[in-house]
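Chain by chain, the residues run as shown.
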Amino acid sequence: MGDDRAERIAEFIEPLRVEPGSRVRLGEDFDPGYKAGIRKKKDGVELLRSGIELLADYQRRLAAQDTYGVLLCLQALDAGGKDGTIRHVMSGVNPQGVRVSGFKVPSDEELDHDYLWRYARELPRRGEIGIFNRSHYEEVLVVRVHPENLRREKLPDAARGPDVWQRRYREINDWERCLSDNGFRVVKLFLNLSKEEQRIRFLKRIDVPERNWKFSSADVRERARWDDYQRAFSQMLSATSTEWAPWYVVPADHKWFARVCAAAVLAHTLIDIDPRYPEVSDATRRELAEVRRELEAEAPEGAAADPYAADAGAGERKRKKKHKKHR
């Protein structure tokens, strides 16, 4: 990819990045309605389309190289748009190379292990993009806002002390550092929704019959803890945005813009990895040439010996002619 396009993507997402070591005040530092100067939704849709095409290309390379893996962590308050972001941003990639994992209330089996166990079981393989729809950060968000959940985790008394959250931040940072050191990039997106936009989306779930199934009274009850969640998110972002796994705060009041941002951050990660198709050996090239001659010899009378090569050659000649015309 040209350096100019990569630089434009890097510049676009820079305002979203949480600088490692910085202290985040979510309500002051990040605007949920930010649109980076893009005025029209149709312009954003075109940007998203380009981003999806780019992701599809790089995901094929990632799978073919089979060296790196990518873990995309999505966090948001209820109605933040996680499902829609996954559906739209990943619409162009090969489903075999992407795995989505969602995490609900932990089961009895999961509670019999350490709090990271169930997340470690769902990590992507090399060559894959794994998506956590909610992630291990629930353990310092929901569990922190609802400390009764911490009691359900069967921890020894010493592990439930006042330093539990700082300890978990450190453990999570260390875990992500281990993943990064072993070739697994961790991409972390917080979809930042305003309280008013959440209210509107909840009402839409009530007013539109086809969306009634998405409504949960529990979500509305959680809304009463808005300030608690804002503090928990702010402290989490401050403590766990690292050089090897930085957080990006994605403005989520405009769904189309949130999807553009998510695609851009993921594309930036894949561009940085720069996966390549494996090169074949000289022996394999000779074998391919021999098989090609055999297949060309089987062409019916009047048919091109190699239609793909003929079409590719015609396309290249057309491209060169157009380039020469515009010089």
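This text follows the structure it describes.
Scope of this entry: the structure provided in the associated data block. Everything numeric in this text was worked out from a predicted model, so none of it was measured.

### Brief notes about the overall build of the protein chain
On a plain count of helices and strands, the protein chain comes out with 15 helices and five strands. Across the 327 residues of the protein chain, 43% fall into the buried class. Of all intrachain contacts in the protein chain linking residues separated by at least 6 positions in sequence, the fraction that spans at least 24 positions is 80%. Accessible area of the protein chain: about 18,700 Å², with a carbon and sulfur share of 49%. Put simply, the protein chain has 60 plus and 56 minus side-chain charges, and the middle of one group is 5 Å from the middle of the other.

### A few points about the packing of aromatic side chains
For the structure on display, the rule yields eight aromatic pairs. Judged by centre distance (6.0 Å) and plane angle (80°), the ring pair of Tyr34 and Phe257 falls under edge-to-face. Taken together, the positions of Tyr34 in the loop between helix H2 (26-29) and helix H3 (41-65) and Phe257 in helix H13 (residues 255-273) put the pair 223 residues apart, joining distant regions of the chain. Assessed through its relative accessible area of 31%, Tyr34 is described here as partly exposed.

### Re the sheet that holds strand E4 (residues 184-192)
Paired through backbone hydrogen bonds, the strands of a sheet run either parallel or antiparallel to each other. Within the open sheet, the five strands sit side by side as E2-E3-E1-E4-E5. Their pairing is parallel. A single partner strand is all that each edge strand has here, and the edge strands are strand E2 (98-102) and strand E5 (247-251). The mean angle between the axes of side-by-side strands here comes to 20°, regardless of whether they run parallel or antiparallel. Here E2 pairs with strand E3 (residues 129-133) via five bridges, running parallel. Note on E3: the bridge partner recorded for Arg99 is Gly130.

### Some words on the pattern of salt bridges
Two side chains with opposite charge may pair up if their charged atoms get near one another. Under the criterion given, the structure shown has 31 salt bridges. Put simply, Glu19 and Arg17 hold a salt bridge, and the shortest N to O gap is 3.1 Å. Across the pair Arg293 and Glu290 runs a salt bridge whose closest N-O atoms are separated by 2.7 Å. A residue pair is termed a helical-turn pair when its members lie 3 or 4 positions apart in one helix, as Arg293 and Glu290 do in helix H14 (residues 282-297) at three residues. Assessed through its relative accessible area of 49%, Arg293 is described here as partly exposed. When its relative accessible area of 36% is taken as the criterion, Glu290 is described as partly exposed. If you follow the salt bridges from partner to partner, you end up with Glu110, Arg118, Glu139, Glu153 and Arg168 in one network.

### Some remarks on the side chain of Ser101
Within the secondary structure layout, Ser101 lies in strand E2. Polar side-chain contacts of Ser101 include one of 3.3 Å to the side chain of Glu122. Beyond its immediate stretch of four places on either side in the chain, Ser101 contacts Glu122, Ile131, Phe132, Asn133 and Arg134.

### A word on helix H9 (residues 164-181)
Between the first and last C-alpha of H9 there are 26 Å, a value that for 18 residues agrees with the 26 Å anticipated at 1.5 Å per step. Taken as a whole, H9 has its buried residues at Val164, Trp165, Arg167, Arg168, Tyr169, Ile172, Asn173, Trp175, Glu176 and Leu179. Positive phi appears at Gly183, one or two residues downstream of H9, with a value of about 95°.

### Focus on the side chain of Asn133
Following the sequence through the fold, Asn133 ends up in strand E3. By relative accessible area, Asn133 is classed as buried at 14%. Looking at Asn133, its side chain comes within polar contact range of the side chain of Asp83, at 2.7 Å.

What counts, and at which threshold
- Residues numbered from 1 in each chain as written.
- Predicted model: local features only at pLDDT ≥ 70, side-chain atom pairs only at ≥ 80, totals over all residues.
- Heavy atoms only, no water.
- Helix = DSSP H or I, 4+ residues; strand = E, 2+ residues; numbered from the N terminus.
- Buried < 20%, exposed > 50% of the residue type's maximum accessible area, 1.4 Å probe, protein only.
- Contact = heavy atoms within 4.5 Å.
- Areas by Shrake-Rupley, 256 points an atom, 1.4 Å probe, with all protein chains shown as cover.
- Lys, Arg positive; Asp, Glu negative; His and termini not counted.
- Charge placed at Lys NZ, Arg CZ, Asp CG, Glu CD.
- Phe/Tyr/Trp six-rings, centres within 6.5 Å; stacked < 30°, edge-to-face > 60°.
- Pairing = 2+ DSSP bridges.
- Axes fitted to C-alpha atoms, helices over the stretch in contact; angles between N-to-C directions.
- Salt bridge = Lys/Arg side-chain N within 4 Å of Asp/Glu carboxyl O.
- Polar contact = N/O pair within 3.5 Å; in protein donor to acceptor, adjacent residues only side chain to side chain.
- Expected span 1.5 Å × (residues − 1).

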